[in-house]
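# Chains, contacts and geometry: an overview
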Amino acid sequence: MEHTRSERLFRESQQYIPGGVNSPVRACRAVGCTPVFIDHAKGAYVYDVDGNRYIDYVGSWGPCILGHAQENVVRAVREACEGGLTYGAPTEKELTLAKLIRACMPGMELSRLVSSGTEAVMSAVRVARGYTGRDKIVKFRGCYHGHSDGLLVKAGSGALTQSVPDSGGVPADYTKHTLVAEYNDCASVERLFAECGGEIAAVIVEPVAANMGVVLPEEGFLPFLRDITRDHGALLIFDEVITGFRLGVGGAQQRFGVMPDLTTLGKIIGGGMPVGAYGGRREIMEQVAPLGEVYQAGTLSGNPLATTAGIVTLALLRDSGDRYERAERRTAELAAAVREALGDRVRVNQIGTLMSVFFTGTAVRDYGTATASDPSRYAAFFRYMLERGVYLAPSQYEAMFVSFAHGEEEIARTCEAVRAYGSLQGKR
Ligand code: KE4
């Protein structure tokens, strides 16, 4: 494939933008190649500036569950533009979107729209602290909740960790209230509560982890978190920025039957436009200004274009019939083909339309087993598939996203490329 124009644009972009990208993972450093610059997208496909077409498994990191440039969404946004792009005043569309969210996720009795998942999580954590009057937050190693200071944390050693920031520019003081446990390890959470139970405002978790690659919650893990937080007067926050409307319209909380106190959403609820949301029980959300003492605000929160895209997207998902089941079957088919083609060299974790291919010989159930995989072999796989017209996540520690627009043909062509890679590998 020809990548001349992408290479030129990447060189020039680095003169104006840090790393040439507006979000680090897009720089493709983890997979050792120049990022392809996308010119346009439609359905299951993205088209780069050199005219190459790819079956897209990034889907803008989750929002594009309907496929790119879905006609109803595009038409509605185009029409909404005529009415003005933003007012900074309440609109009926914000009410419509809030009602759609609550109809699908009844635990979000009250919700507040923001403009990103980071903003949603940052705000939910602040509400949890305001509501409980406590300072500490428990997160899990390998889970990502956006780039707010207090959550850019990696565990130090030991069970109870005064965490160390894993980003420059974050003072240690900003993360001293962030405690880190191990995903799928109930004992690691029990130790934190035994040590600091009365100071813990909330536990925040990705109910299906998708930022160390896809890691599923083991039987009993989520119900355990529900019980231990309730027993200690702490809140349970489900970060469903990825899983919300991805694992069905009720998200992970419906799929696993565990109701958190607060939920954060993003990605899909904006239909490709910048929208995040946080919400939960009325008595908790009534802490938020102007009702309560917890301040949170945003110039473009709930703007008419973003809410238009979100409303049309969620309505299509709510009325999508068996499209989730069909897309999940195709994802399972793809996962099986990868296991078949690459054998013991990989472990594939898959749930719904989320999956990850780990180049490792052991089951991946937490951060330690995820990071034991071989990112250089993933990188080689990524580069091969890219040249075969399949655009995977440019990092071992990201999810692949299958959309409703990925039909039998796209899955068959992807399976064929994976089998070709497998036989190539088999010859070495
Ligand atoms: P944003 O601020 O990027 O909209 O959302 C932050 C966020 C919060 N919670 C979860 C579970 C998330 O996965 C994310 C963001 N996801 C990444 C992909 N792993 C966004 C892609 C990127 O950083 O470029």
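Residues numbered from 1 in each chain as written. Predicted model: local features only at pLDDT ≥ 70, side-chain atom pairs only at ≥ 80, totals over all residues. Heavy atoms only, no water.

### Section: the sheet that holds strand β14 (residues 354–358)
- Overall, antiparallel pairing links the 3 strands, which are arranged β13-β14-β16 in an open sheet. Here the strands that pair on one side only, and so sit at the sheet edges, are β13 (347–351) and β16 (400–401).
- Note that β13 and β14 share 5 bridges and pair antiparallel. For Arg-347, the partnering residue across the bridge sits in β14 and is Phe-358.
- Across the sheet, helix α10 (residues 323–342) touches β13, β14 and β16, and the angle it forms with β13 is around 175 degrees. (Pairing = 2+ DSSP bridges. Helix = DSSP H or I, 4+ residues; strand = E, 2+ residues; numbered from the N terminus. Contact = heavy atoms within 4.5 Å. Axes fitted to C-alpha atoms, helices over the stretch in contact; angles between N-to-C directions.)

### Brief notes about the side chain of Glu-119
- For Glu-119, the position within the fold is in helix α4 (residues 117–132).
- One buried charged side chain, Glu-119, makes no salt bridge at all; its nearest oppositely charged neighbour is Arg-126, positioned 8.0 Å away.
- A polar contact is formed between the side chain of Glu-119 and the backbone nitrogen of Ser-115, at a distance of 2.9 Å.
- Not counting chain neighbours up to four residues away, the residues in contact with Glu-119 comprise Val-114, Gln-296 and Ala-297. (Buried < 20%, exposed > 50% of the residue type's maximum accessible area, 1.4 Å probe, protein only. Lys, Arg positive; Asp, Glu negative; His and termini not counted. Salt bridge = Lys/Arg side-chain N within 4 Å of Asp/Glu carboxyl O. Polar contact = N/O pair within 3.5 Å; in protein donor to acceptor, adjacent residues only side chain to side chain.)

### Some thoughts on the domain arrangement of the protein
- Domain boundaries in the protein define domain 1 (4–69 + 322–425) and domain 2 (71–318).
- A C-alpha centroid distance of 25 Å is found between domain 1 and domain 2.
- Domain 1 puts 30 residues into the contact, and the matching count from domain 2 is 32 residues.
- With both chains or domains summed, domain 1 and domain 2 bury close to 2500 Å², and 62% of this area falls on carbon and sulfur atoms.
- Put simply, domain 1 and domain 2 have 2 salt bridges between them.
- One salt bridge connects Arg-365 with Glu-218, and the closest N-O pair in it is separated by 2.6 Å.
- For the interface between domain 1 and domain 2, the tally reads 12 residue pairs in polar contact (both at pLDDT 80 or more).
- Ranked by residues supplied to the side of domain 1 that touches domain 2, first place goes to β14 with 4 residues.
- Taken together, the residues of the side of domain 1 that touches domain 2 sort by class into 18 nonpolar, 7 polar and 5 charged. (Domains from an automatic or database assignment. Buried area = accessible area lost by both parts, 1.4 Å probe. Nonpolar A, V, L, I, M, F, W, Y, C, P; charged D, E, K, R; others polar.)

### Details of unusual backbone geometry
- A cis amide bond links Ala-289 to the next residue, Pro-290, at an omega of 15 degrees.
- Looking at the element boundaries, Pro-290 is found in the loop between α8 (282–285) and α9 (304–318).
- One non-glycine residue with positive phi stands out, namely Cys-28, at about 60 degrees.
- Looking at the secondary structure, you find Cys-28 in the loop between α1 (4–13) and β1 (38–42).
- One non-glycine residue, Asn-184, lies in the positive phi region at around 65 degrees.
- Within the secondary structure layout, Asn-184 lies in the loop between β8 (178–181) and α5 (186–196).
- For Asn-184, a relative accessible area of 7% gives the class buried.

### Side note on the pairing of β14
- Most of β14 is tucked away: 5 of the 5 residues are buried.
- What you see with β14 is no split at all: Leu-354, Ser-356 and Phe-358 on one side and Met-355 and Val-357 on the other are buried throughout.
- Counting the residues in the hairpin turn of β13 and β14 gives 2 residues, including Gly-352, whose phi is positive at 60 degrees.
- When β14 meets β16, the two strands line up antiparallel, connected through 2 bridges. Of the residues in β16, the one forming a bridge with Leu-354 is Phe-401.

### What to know about the pattern of salt bridges
- Under the definition given, this model contains 14 salt bridges.
- A salt bridge links Glu-182 to Arg-141; the shortest N-O distance between them is 2.7 Å. Taken as a pair, Glu-182 in the loop between β8 and α5 and Arg-141 in the loop between β5 (136–140) and β6 (153–154) lie far apart in primary sequence, 41 residues in all.
- Under the relative-accessibility criterion, Arg-141 is labelled partly exposed at 25%.

### Some remarks on the packing of aromatic side chains
- On inspection of all chains with the given rule, the structure shows 11 aromatic pairs.
- Ring plane angle 55 degrees and centroid distance 5.2 Å describe the contact between Phe-381 and Tyr-421, whose orientation is recorded as tilted. Note that Phe-381 is positioned in helix α12 (residues 375–387) and Tyr-421 in helix α13 (residues 408–426), a separation of 40 residues in sequence.
- What makes Phe-381 buried here is its relative accessible area of 2%.
- Accessibility expressed as a relative area gives 5% for Tyr-421, which makes it buried.
- Cluster of aromatic residues (ring-pair linked, three or more members): Phe-359, Tyr-378, Phe-381, Tyr-384 and Tyr-421.
- Against the face of Tyr-45 rests Arg-53, its NZ or CZ located 4.0 Å from the ring centre. (Phe/Tyr/Trp six-rings, centres within 6.5 Å; stacked < 30°, edge-to-face > 60°. Lys NZ or Arg CZ within 6 Å of the ring centre and 35° of its normal.)

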